[in-house]
Amino acid sequence: MHDNPTIIHFNDTYKLIGENTLVEVPGANNFFIFDSLLIFTTPALDTFYHSYSTNNLCKIRSFIAKGEGPNELKSILKPLYLENEDDNIMINFYTPARQGILRYNFTGSNLNKKGHFQDTLSLENATEIYRAYKIDESLVFIDRLDFLGFNQIYEIYDYKHNQSVHLDTAIISRLQDQKDVFLMATSTLLNFHQKKYISAMRFADQVNIYDLENPEKSHAVSVKNNATSLIDASNMIMPLKKEFYIDIREAKGLIFALYANQSRKEWATGNTPAEIHVINWQGKAICKLIVDQKLLNIDIDSGKQILYGLSERQELIRYDLSQLPHLSIY
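Residues numbered from 1 in each chain as written. Predicted model: local features only at pLDDT ≥ 70, side-chain atom pairs only at ≥ 80, totals over all residues. Heavy atoms only, no water.

1. Examining the pairing of strand β11 (residues 100–105)
Using the following cut-off: Here the term buried applies to any residue with accessible area under 20% of the maximum for its type, exposed to any over 50%, and partly exposed to those in between, with areas from a 1.4 Å probe on protein chains only. Numbered from the N terminus, helices here are DSSP runs of H or I no shorter than four residues, and strands are runs of E no shorter than two. When DSSP finds two or more bridges between a pair of strands, those strands are recorded as paired.
Burial runs high along β11: six of the six residues are buried. As judged from the six bridges shared by strand β10 (residues 88–95) and β11, these two strands associate in the antiparallel manner. Bridging from a neighbouring strand, methionine 90 pairs with asparagine 105 of β11. Following β10, the chain reverses through four residues before pairing antiparallel with β11; glutamine 99 in that reversal takes a positive phi of roughly 55°. Pairing geometry for β11 and strand β12 (residues 121–122), over two bridges, is antiparallel. Looking at β12, one finds that glycine 100 is bridged to serine 122.

Structure, rendered in structure tokens:
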């Protein structure tokens, strides 16, 4: 859009005191909440995913082993979204190795006591894909990297006819060196109901909100008047590069973005907690949350109004949101 981000301000700030749970998953580097499932990812272990119940925090089982077998994966994939299909919980991943969206039948594999992958939804004619989401029976939304132009591309792709329907250059980076491509890293969410896609940038101080149906209404927001750009980040030596948005999650119309605002050295070696910025899908500031520990990842159990955080010690911490007036996430 070539527009500067809209500056937002948080008028309300709340301090949260966490409660340690008994859940510890050695090797966990992220976690995701889907309905009543709490799924940890462990890329360094021989089994990649470990599921718990949000009802009682008891372990359900581990699933998807490391390997090259029919029900195994060579490397960890980020679970992107869940579907309920004929009373089966389907976990959807994007996999470059199989050039498409890979669907894992969690319910069926639990009953069979073994892994159970469904057919891959092929995207073989689309390249350099970062994220991919099926949005209806013929269309997929694709977030992909343009390695030649050093930009981010958002695309609506018709997978039944193997052709692009709509394409936008979403992030104009102006980067020049291939080694700087990592600076375009983002945490992302797709809201299927509103048809909006959010990307919170790690090395630039802004959150991008893309409207799939009305791209001209897309915009970015920032909490700083002079937001750090990717060019600024490129010119800074590695330990002093600023890290901004570390993680992002959604709970019924609200976005929770974990905001470090620290140099890489400060974030890696210090104990200063990140803030959590709460905005809606229109980019309006709702409130700011200050937690008492350094969290690397967050997610929200909206039914119970609990925010969970994964600490550096791989401990699961929970925070009660039910008493906060701005967070109507019932």
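Having seen the structure, we can now continue with the description.
2. With respect to the nonpolar core
For clarity, the threshold we go by: To define a nonpolar core, start from buried Ala, Val, Leu, Ile, Met, Phe, Trp, Tyr and Cys residues and group those joined through side-chain atoms within 4.5 Å.
If you look at the biggest cluster of nonpolar residues, it comprises 25 residues, and the most contacted ones within it are Phe256, Ile276, Val278, Leu289, Leu307, Leu321 and Leu327. Among the secondary structure elements, those contributing two or more residues to this core are β2 (13–16), β21 (242–251), β22 (254–263), β23 (275–280), β24 (285–291), β25 (295–301) and β27 (315–320).

3. Notes on unusual backbone geometry
A positive phi is found at isoleucine 64, a non-glycine position, where the angle reads about 65°. Mapped onto the elements of the fold, isoleucine 64 is located in strand β7 (residues 59–66). Of the residues examined, isoleucine 64 reaches a relative accessible area of 4% and is grouped as buried. Of note, the phi angle at lysine 252 is positive, near 45°, even though the residue is not glycine. Within the element layout of this structure, lysine 252 appears in the loop between β21 and β22. Exposure remark for lysine 252: the relative accessible area of 52% places this residue in the exposed category.

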